Amino acid sequence: MKARIAVLISGAGTNMAALLYAAKLPSCPYEIVLVASNNPDAEGLKIAATEGIPTFAVSHIGLDRAAHDAVMHDAIVEAGAVYVALAGYMRILSTEFVAKWDGRMLNIHPSLLPKYKGLHTHQRAIQAKDTVAGTSVHLVTAELDDGPVLGQIEVAILPGDTTDTLADRVKMAEYQLYPKTLADFVARNTNPEYLTAQVRTLALAQPEADEVLSHGMPCFGINGGKKFAYVSVDHHKDSKTALLVKISGVEEQAMLIDSDAERYYRPAYFGDGWVGIRLDLGDNDWDHIGEWIAKSWRAVAPKKLTRLMDLAEEF
Ligand code: GRF
């Protein structure tokens, strides 16, 4: 299953086009399910529509920031997108919108971040007599152009470069960088090794936790004793990567499966006391998964370990 991406643009949309054409390669791990804009006249919307990609546009004029972001958010969710790629989207986003897409929204910026956040990046690089400019793809956080950098390409500045000639070459670099970085990013979120490593970090952070291999599965227990988490990778060729944790019993299991049958399942051979939580749907909330693991640890931990925690909670 390919990762579903919504691309947000305000203008020419040439980076969007680069993402779109890369997505036509059979091996590309993402697909574009929506191109949305705050500018109904954005040229990029025509490119997307001609390529058969659903488009959506609502002007921000006359709407306050939160209201406009909410309209965009609804359209993105409606399209079934799991990630958002900003590509020349000239809007400052509300903190609510950023929070909703935390860890799943990328942006491309025409400088070597953390240098030259904001506008006029090429002009500033030339004025500063820099010898290299470039482009960065980063995760979007509440601060403008500030989130963790996922990839960069340097572009040498030629003697005599103007803002325009430099911008043209940086764009060529952008067309390489964005599709590749986005592809690597979404692939990571379905990669069993990456997902297992994430669980490992969370599980081994529990008191007295250790790891063994059980029936080929990475398995986390307390001091070689009771187990509180397993990572199931393609178990019996089910092609799932999932976390198995303890729950209270069949009722909780049924309730979870009922609430989200794609994510939760009854793990074969484990019985009613466990639930499988898919990790390969591309939208993991690692804080939430950490809570599952801690809860599961607590369900099997010996009294002498939990007593201290109970005491701590009383105060
Ligand atoms: C790109 O240079 C990008 O780095 C910046 O806005 C520009 C968008 O251009 N965020 P286009 O609309 O993709 O042609």
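Cut-offs used in this document
- Residues numbered from 1 in each chain as written.
- Predicted model: local features only at pLDDT ≥ 70, side-chain atom pairs only at ≥ 80, totals over all residues.
- Heavy atoms only, no water.
- Buried < 20%, exposed > 50% of the residue type's maximum accessible area, 1.4 Å probe, protein only.
- Helix = DSSP H or I, 4+ residues; strand = E, 2+ residues; numbered from the N terminus.
- Pairing = 2+ DSSP bridges.
- Domains from an automatic or database assignment.
- Contact = heavy atoms within 4.5 Å.
- Buried area = accessible area lost by both parts, 1.4 Å probe.
- Salt bridge = Lys/Arg side-chain N within 4 Å of Asp/Glu carboxyl O.
- Polar contact = N/O pair within 3.5 Å; in protein donor to acceptor, adjacent residues only side chain to side chain.
- Axes fitted to C-alpha atoms, helices over the stretch in contact; angles between N-to-C directions.
- Phe/Tyr/Trp six-rings, centres within 6.5 Å; stacked < 30°, edge-to-face > 60°.
- Lys NZ or Arg CZ within 6 Å of the ring centre and 35° of its normal.

**Regarding the pairing of strand E9 (residues 217-222)**
Within a regular strand, side chains alternate between the sheet's two faces.
Stage number 1. The element E9 is extensively covered by neighbouring structure, given that 6 of its 6 residues are classed as buried.
Stage number 2. Alternating residues of E9 divide into Met217, Cys219 and Gly221 and Pro218, Phe220 and Ile222, and every residue in both groups is buried.
Stage number 3. Across 6 bridges, the pairing between strand E8 (residues 209-214) and E9 is antiparallel. By the bridge assignment for E9, Ser214 is matched with Met217.
Stage number 4. Turn length for the E8-E9 hairpin, with the two strands adjacent in sequence and antiparallel, is 2 residues, and the turn residue His215 shows positive phi of about 50°.
Stage number 5. Examined bridge by bridge, E9 and strand E10 (residues 227-233) share 3 bridges and lie antiparallel to one another. From the neighbouring strand, Phe220 faces E10, where its bridge partner is Ala229.

**A word on the domain arrangement of the protein chain**
Stage number 1. Assigned domains within the protein chain: domain 1 (3-188) and domain 2 (192-314).
Stage number 2. On a C-alpha basis, the centres of domain 1 and domain 2 stand 36 Å from each other.
Stage number 3. Taken together, the contact between domain 1 and domain 2 spans 4 residues of the former and 4 residues of the latter.
Stage number 4. Taken over both partners, the interface formed by domain 1 and domain 2 buries close to 350 Å², and the fraction arising from carbon and sulfur atoms is 54%.
Stage number 5. Inspection of the domain 1/domain 2 interface yields 0 salt bridges.
Stage number 6. On inspection of domain 1 and its partner domain 2, the count reaches 2 residue pairs in polar contact (both at pLDDT 80 or more).

**Observations concerning helix H1 (residues 14-23)**
Stage number 1. H1 sits mainly inside the fold: 8 of its 10 residues count as buried.
Stage number 2. Every buried residue of H1 is accounted for by Asn15, Met16, Ala17, Ala18, Leu19, Leu20, Ala22 and Ala23.
Stage number 3. Buried residues belonging to H1 abut strand E1 (3-9), strand E2 (30-37), helix H2 (43-50), strand E4 (83-86), strand E5 (105-109) and helix H6 (163-188).

**Some points on the sheet that holds E1**
Stage number 1. Reading across from one edge, E3-E2-E1-E4-E5-E6-E7 is the order of the 7 strands in this open sheet, with mixed pairing throughout. The strands lining the two open edges of the sheet, one partner per strand, are strand E3 (55-57) and strand E7 (149-156). When strand polarity is set aside, the average angle formed by the axes of neighbouring strands in this sheet is 20°.
Stage number 2. The pairing of E5 with strand E6 (residues 132-139) spans 4 bridges and is antiparallel. Paired with His109 across the bridge in E6 is Ser136.
Stage number 3. The strands that H1 touches are E1, E2, E4 and E5; relative to E2, the one it contacts most, it runs at about 155°.

**Some points on the packing of aromatic side chains**
Stage number 1. Using the criterion set out here, one finds 5 aromatic pairs in the structure.
Stage number 2. Look at Tyr230 and Phe270: their rings are 4.9 Å apart centre to centre, the planes differ by 80°, and that puts the pair in the edge-to-face class. With Tyr230 in strand E10 and Phe270 in the loop between strand E12 (264-265) and strand E13 (274-278), the pair connects residues that are 40 residues apart, well separated along the chain.
Stage number 3. Taking 5.5 Å as the distance between ring centres and 70° as the angle between the ring planes, the aromatic pair formed by Phe270 and Trp274 counts as edge-to-face.
Stage number 4. A relative accessible area of 9% means that Trp274 is categorised as buried.
Stage number 5. One aromatic cluster is present, formed by Tyr230, Phe270 and Trp274 through successive ring pairs.
Stage number 6. One Lys or Arg, Lys240, reaches over the ring of Tyr265 and ends 3.9 Å from the middle of that ring.

**Quick word on the side chain of Glu252**
Stage number 1. Position of Glu252 relative to the elements: it lies in helix H8 (residues 250-259).
Stage number 2. A polar atom in the side chain of Glu252 sits 2.7 Å from the side chain of Ser248.

**Notes on the environment of Ala301**
Stage number 1. Tracing the sequence through the fold places Ala301 in the loop between helix H9 (286-300) and helix H10 (303-314).
Stage number 2. It is 56 Å that separates the C-alpha atoms of Ala301 and Val132, two residues lying 169 residues apart in sequence.
Stage number 3. In contact with Ala301, not counting residues within four places along its chain, are Ile222 and Thr306.

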